[in-house]
Structure formats: C-alpha cells, structure tokens
Amino acid sequence: MKAPPASSPCINVCFVDPKLRHCVGCWRSLEEIGRWSKMTEDERQAVMDGLESRAKRLEAEFYAMREDS
C-alpha cells in the first residue's frame, strides 16, 4: 500500500521575510514554495520532515531581527 501524499505545510499566513527568504507561516524557502507542485512525494516529505527544526532556528533569527530594528 502506498503512503498518502505529503500535505502542504501552508497555514495561509504567507509572509516571506526578505532577509531570511523563507515564509514565516510555513518556513519553506522561496525555492521550495515555487517547486512544491512539481516535487515528488519523497521530496515533499523530506521538506516536511525538516520543517520543525528549521522553524525553531529561523523563528529565533526572525524575532531577533525584529528586536534589533
């Protein structure tokens, strides 16, 4: 039996930080967002698998930049 397709991590909070070049809603890169519909299920799953750790790292950078402003 084939695994179900990886769903999109999009939460409809679309804002791409120009410095981080990632969406602060789903934490995907601009390249990943642009390629999402063309990615294989394995590629999508690989992105999904890395989003939690990426979100923690980028959230810290994002909020640190906001405090410095």
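Up top is the structure these notes are about.
Residues numbered from 1 in each chain as written. Predicted model: local features only at pLDDT ≥ 70, side-chain atom pairs only at ≥ 80, totals over all residues. Heavy atoms only, no water.

Here the focus is the overall build of the protein. If you tally the helices and strands in the protein, you get two helices and two strands. Shown N-terminal to C-terminal, the secondary structure of the protein runs as helices and strands in the order β-β-α-α. Counting the 69 residues in the protein, one finds 32% classified as buried. Relative to all contacts within the protein whose residues are 6 or more apart in sequence, the contacts with residues 24 or more apart total 49%. (Helix = DSSP H or I, 4+ residues; strand = E, 2+ residues; numbered from the N terminus. Buried < 20%, exposed > 50% of the residue type's maximum accessible area, 1.4 Å probe, protein only. Contact = heavy atoms within 4.5 Å.)

Mapped onto the fold, Phe15 is located in the segment before strand 1 (16-17). When its relative accessible area of 40% is taken as the criterion, Phe15 is described as partly exposed. Sequence separation between Phe15 and Gly25 is 10 residues, and the spatial gap between their C-alpha atoms is 6.7 Å. Sequence-distant contacts of Phe15, defined by excluding residues within four places in its chain, comprise His22, Cys23, Val24, Phe62 and Arg66.

This brings us to the nonpolar core. Counting 10 residues, the largest nonpolar core is built from Leu20, Val24, Trp27, Trp36, Met39, Val47, Leu51, Ala55, Leu58 and Phe62. Here Val47 is in contact with Arg28, Glu32, Trp36 and Met39, once residues within four sequence places are set aside. (Core = buried A, V, L, I, M, F, W, Y, C linked by side-chain atoms within 4.5 Å.)

Taking 1.5 Å of rise per residue, 28 residues should cover 40 Å, and helix 2 (residues 41-68) covers 39 Å from first to last C-alpha, within 8% of that figure. Within helix 2, the axis deviates most sharply at Leu51, by approximately 45°. Within helix 2, burial applies to Arg44, Val47, Leu51, Arg54, Ala55, Leu58 and Phe62. Considering only its buried residues, helix 2 is in contact with strand 1, strand 2 (22-23) and helix 1 (30-35). (Expected span 1.5 Å × (residues − 1). Bend = angle between axes of the 7 residues up to and from the residue.)

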